[in-house]
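Tertiary structure, described
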Amino acid sequence: MSKIPSVIHWFRLDLRLHDNLALRNAINEAENRQHFLRPLYFIEEDIKNKIGGNRLRFLIQSLQDLDSNLRKINSRLFIIKGNASKKLPELLEKWHVKYLSVQVDIDPEVLQHEEVIDKVCEEKDIFVVKRVQHTVYDVHNVLKKNNGAIPLTYQKFLSLVKDNPVRDTIEITKKLSDCCKSPDFDLKEYDVPTLADLGFDESTLGETKYPGGETEAIKRLNFYMAKKQWVCKFEKPNSSPNSIEPSTTVLSPYLSHGCLSSKLFYHKLKEVENGVPHTDPPVSLLGQLMWREFYYTAGAGTENFDKMVGNKVCTQIPWEKNDIHLKAWAEGMTGYPFVDAIMRQLKQEGWIHHLARHMVACFLTRGDLWISWEEGAKVFESYLLDYDWSLNAGNWMWLSASAFFYKYFRVYSPIAFGKKTDKEGLYIKKYVPELAKYPSEYIYEPWKAPQSVQRAAGCIVGEGYPKRIVEHDKIHKENMQKMSQAYKVNKEKKSLKRPRS
Ligand SMILES: Cc1cc2nc3c(=O)[nH]c(=O)nc-3n(C[C@H](O)[C@H](O)[C@H](O)COP(=O)(O)OP(=O)(O)OC[C@H]3O[C@@H](n4cnc5c(N)ncnc54)[C@H](O)[C@@H]3O)c2cc1C
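Residues numbered from 1 in each chain as written. Predicted model: local features only at pLDDT ≥ 70, side-chain atom pairs only at ≥ 80, totals over all residues. Heavy atoms only, no water.

A separate point is the overall build of the protein chain. Helix and strand counts for the protein chain come out as 21 helices and 5 strands. Its C-alpha radius of gyration of 24 Å places the protein chain within 12% of the 23 Å reference for a compact globule of 501 residues. Every one of the 501 residues in the protein chain was classed for burial, and the buried ones make up 56%. Taking as baseline every contact in the protein chain between residues at least 6 positions apart, the subset at least 24 positions apart corresponds to 78%. When the accessible area of the protein chain is evaluated, it comes to approximately 22900 Å², of which 52% is carbon and sulfur surface. With 73 positive and 64 negative side-chain charges, the protein chain shows a separation of 4 Å between the mean positions of the two kinds. (Helix = DSSP H or I, 4+ residues; strand = E, 2+ residues; numbered from the N terminus. Rg over C-alpha atoms; globule rule 2.2 N^0.38 Å. Buried < 20%, exposed > 50% of the residue type's maximum accessible area, 1.4 Å probe, protein only. Contact = heavy atoms within 4.5 Å. Areas by Shrake-Rupley, 256 points an atom, 1.4 Å probe, with all protein chains shown as cover. Lys, Arg positive; Asp, Glu negative; His and termini not counted. Charge placed at Lys NZ, Arg CZ, Asp CG, Glu CD.)

Let us now look at the state of the cysteines. Per the stated rule, a full pass over the model turns up 0 disulfides. Between Cys180, a free cysteine, and Cys179, which holds the nearest cysteine sulfur, the sulfur-to-sulfur gap is 3.5 Å. (Disulfide = S-S within 2.5 Å.)

On to the site of the ligand. Among the 30 residues in the neighbourhood of the ligand, the closest are listed as Thr248, Thr249, Val250, His354 and Asp386. One of the backbone N or O atoms of Val250 is found 2.6 Å from an oxygen atom in the ligand. The contact in question runs from an oxygen atom of the ligand to an N or O atom on the backbone of Gln288, over 3.3 Å. When the free accessible area of the ligand is taken as 820 Å², the share hidden by the protein chains comes to 99%. No other element matches helix α12 (residues 285-300), which puts 6 residues into the shell around the ligand. (Near = heavy atom within 4 Å. Polar contact = N/O pair within 3.5 Å; in protein donor to acceptor, adjacent residues only side chain to side chain.)

This next bit is on helix α4 (residues 84-94). Those residues of α4 lying buried are Ala84, Leu88, Pro89, Leu91 and Leu92. Mapping the buried residues of α4 onto a view down its axis gives an arc of 165 degrees, with all of them on the same face. The N-capping residue of α4, defined by a side-chain oxygen 3.1 Å from the backbone nitrogen of Ser85, is Asn83. Following α4 by one or two positions, His96 has its phi on the positive side, about 50 degrees. (Arc of directions from axis to C-beta.)

With that out of the way, let us pick up unusual backbone geometry. Between Pro281 and Pro282 the backbone carries a cis peptide bond, its omega angle lying at 10 degrees. Positive phi values are uncommon outside glycine, yet Asn74 reaches one of about 70 degrees. With respect to the secondary-structure elements, Asn74 resides in the loop between α3 (53-71) and β3 (78-81). Here the phi dihedral of Ala401 falls at roughly 55 degrees; this positive angle occurs in a residue that is not glycine. Its location among the elements puts Ala401 in the loop between α17 (389-399) and α18 (416-419). On the basis of relative accessibility, which here comes to 0%, the residue Ala401 falls in the buried class.

Attention now goes to the pattern of salt bridges. Taken as a whole and assessed by the stated rule, the structure comprises 29 salt bridges. For Arg167, the salt bridge identified is with Asp19, shortest N-O distance 2.8 Å. Remark: Asp19 occurs in the loop between β1 (6-10) and α1 (21-33) and Arg167 occurs in the loop between α7 (154-161) and α8 (214-225); sequence separation between them is 148 residues. Among the ionic pairs, Lys119 bridges to Glu123, the shortest N-O distance being 3.9 Å. Of the two residues, Lys119 and Glu123 are both situated in helix α5 (residues 108-124); the distance of 4 residues between them amounts to about one turn of the helix. Judged on exposure class, the residue Lys119 and its partner Glu123 are both exposed. Shared partners join several salt bridges into a network, and the residues in it are Arg12, Asp105, Glu114, Asp118 and Lys130. (Salt bridge = Lys/Arg side-chain N within 4 Å of Asp/Glu carboxyl O.)

Okay, α12 next. The terminal C-alpha atoms of α12 lie 23 Å apart, and with 16 residues this matches the ideal 22 Å at 1.5 Å per residue to within 8%. In terms of residue burial, α12 counts as a mostly covered element, since 14 of its 16 residues are buried. (Expected span 1.5 Å × (residues − 1).)

Let us look at the packing of aromatic side chains. The way to describe two aromatic rings as a pair is by their centre distance and the angle between their planes. Tallied over the entire structure, the rule returns 36 aromatic pairs. Judged by centre distance (6.5 Å) and plane angle (55 degrees), the rings of Phe305 and Phe404 are tilted. Taken together, the positions of Phe305 in the loop between α12 and α13 (323-330) and Phe404 in the loop between α17 and α18 put the pair 99 residues apart, joining distant regions of the chain. Here Phe305 and Phe404 have matching classes, each one buried. (Phe/Tyr/Trp six-rings, centres within 6.5 Å; stacked < 30°, edge-to-face > 60°.)

Judged by nonpolar contacts, the single largest core of 142 residues is most densely connected at Leu63, Phe265 and Trp329. Dropping the residues within four chain positions of it, Leu63 is found in contact with Leu15, Tyr41, Ile43, Leu77, Ile79 and Val192. (Core = buried A, V, L, I, M, F, W, Y, C linked by side-chain atoms within 4.5 Å.)

To continue, consider the sheet that holds β1. Read from one edge of the open sheet, 5 strands run β3-β2-β1-β4-β5, paired in parallel fashion. In this open sheet, the two strands that pair with only one neighbour each are β3 and β5 (127-131). In this sheet, adjacent strand axes meet at a mean angle of 25 degrees when their direction is disregarded. As paired elements, strand β4 (residues 97-103) and β5 share 5 bridges and run parallel to each other. (Pairing = 2+ DSSP bridges. Axes fitted to C-alpha atoms, helices over the stretch in contact; angles between N-to-C directions.)

Checked against the element boundaries, Glu114 lands in helix α5. A distance of 2.5 Å separates the side chain of Glu114 from the side chain of Arg12, its partner in a polar contact. Once residues lying within four places of it in the same chain are set aside, the contact partners of Glu114 are Trp10, Arg12, Gln103 and Lys130.

Looking at the protein chain, the domain boundaries give domain 1 (1-133), domain 2 (135-168 + 215-301) and domain 3 (323-488). Of note, the centres of domain 1 and domain 3, computed from C-alpha atoms alone, are 40 Å apart. With 8 residues of domain 1 at the interface, the matching set in domain 3 holds 11 residues. Both sides together, the interface formed by domain 1 and domain 3 hides about 760 Å², and carbon and sulfur atoms give 56% of it. For the interface between domain 1 and domain 3, the tally reads 0 salt bridges. Across the domain 1-domain 3 interface, the total number found is 5 residue pairs in polar contact (both at pLDDT 80 or more). With 3 residues, α3 is the single largest residue contributor to the side of domain 1 that touches domain 3. (Domains from an automatic or database assignment. Buried area = accessible area lost by both parts, 1.4 Å probe.)

What follows is the structure, encoded as C-alpha cells:
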C-alpha cells in the first residue's frame, strides 16, 4: 500500500468533467502537492431496491461514461460500494487523504452523509472545498438577498437574480502528470458495476431511449442549440404532452444527474438568443431553466420541503389513503386511457412531458383520487430518470395546489386535455395497446363505445381493459368543495397564529 497521500473528489450529482470546478480544484491540489487524485462515487449495495430500473441503468451508463472520460486524463473513477458516511471515513484513513472536494447539494439525504464527513474531516484536519455547480445561481445567496425568506413566486425569484452575473464555465482536458495520476488504474475492485453485478435483470427493461452520460448530454445539448429558430420560438405551453417523440429537450435527466452543467445550458441559450427576437420567461427555454432555479431556491430554504406536515409553504389538506386507487394510478390501470398511457410511458421509458405530469398529478390529488401528493412524488421518484428532490416536491405541491399555485378550481379533464394535441389518440394507442383497434371517436372514453364496437376492437371494457375507477365528472366537483374547505381552514389557522395588534 502506497504511503503517498491522496486528494479526493467526491462525485455526487456532478457526473461530468466539463464545468466541474470542485474537480478542477482537486486536480490542481493533487498537482501542487504531488498527491494521487482519487475521484470517488458511492453506490449503496441495495440500490436496486431504492430506484427504478430505468434510472439505475441511466446512472450506471453515466458512471461508465465518467470513468471513460476520466481515463482520458490519466485518472479513473473509484466506485465504492456502501454508504458514504460509513465508508468514506475508512478511506480517508487508508489513503492518507489531505484534501477533499465536493459539489454543494441540498437534498437532505445527501446532506445527512455530508454532516458526518464534515465532522470527520475537521477532526483529521482534512481541507474540504465545496463548490456551487449544480445550479446557475448560488441559491443560498438568493435566499440571503431575500432576507432568508423563500421567494414564493417565479417573478419574485427572477427579480432577485436579475443582476446576478453567471460565471463562465470551465473545461478539464489536460492530462494529469505522472506524479499524481490515479493509482490502481486496473484494479477491478473499483470498476463501475454492471446492472447484473447489482442484482438487476436488464432484460426486464425496454430499449434505452435516453442513454446516460456526459458525452450523450453534450450531444443532445448541441443538437438542440443548433436549432436556433426552434429555441427562439420555444413556448412551453404550446409543446405537446402526447407527441410520440418528445416536444421538449429531454435534457432533464442529464441536468439532474449533473451530466450536463446548468451553467453551460444557460450560456448556450444566451448565445442563441443574442441579438435575435426570442420568447421570454416563463415560457421560453431559458424560462424553463429558471423554473429549476426557482424550485431549488424554495427547496433550499424550506424545512421538510418534500412533506406536507412541518412544511411552512404547504397547505395542509386532509388527503385520504386508498391503496387500490394508488396502485391503479401507478400501474396505468385507472380506466382513463390518457392517464394510463402517461403512467405506462413513465414506467417504460422513465420520462414524460411536463404537461403529461400535470395531467396525472392533478388526477391523483385534487382532481380525482384525493390521494396525497407525497404518494405521487414517491412513484415519480422511483420511475423518473430526471428525479430531482426539489423539482419533484415543488412541482407536486404546485399541481396539487398545495403551494405556489392556488387555482384549485382549474382541473385537468382526462378526456378533453389530451384531445387538444392528439385527437386521434395515437399516443394512447401506442402505450395502451389493448385499445389500439378502438375507433378514435371512443379512444379517450372507451366505456362509451357500444358493445359491438368493443367486441370488434378486441377489447371489452371491464375485461381486457379496466372500468373507470372514479367518475371524473362527478368526483372532481366534490373534490373542489373539499379543496375550498381545506383552504378555509388553513386561512383561519393562519389568522389565529398572527399576533393581534
Ligand atoms: C408533478 C411533477 C413532478 C416533476 N418532477 C421533476 C423531477 O423530479 N425532476 C425534474 O427535472 N423535473 C421535474 N418536473 C418538471 C418538468 O416536468 C421537467 O423538468 C421537464 O418535463 C423535463 O423535460 P425537458 O428536459 O424536456 O424540459 P424542457 O422544457 O426542455 O426544459 C429544460 C429544462 O428546464 C427545467 N425545467 C423545465 N420545466 C421545469 C419545471 N416545471 N420545474 C423545474 N424545472 C423545469 C428542466 O431542468 C428541464 O430539463 C416535474 C413536473 C411535475 C408537474
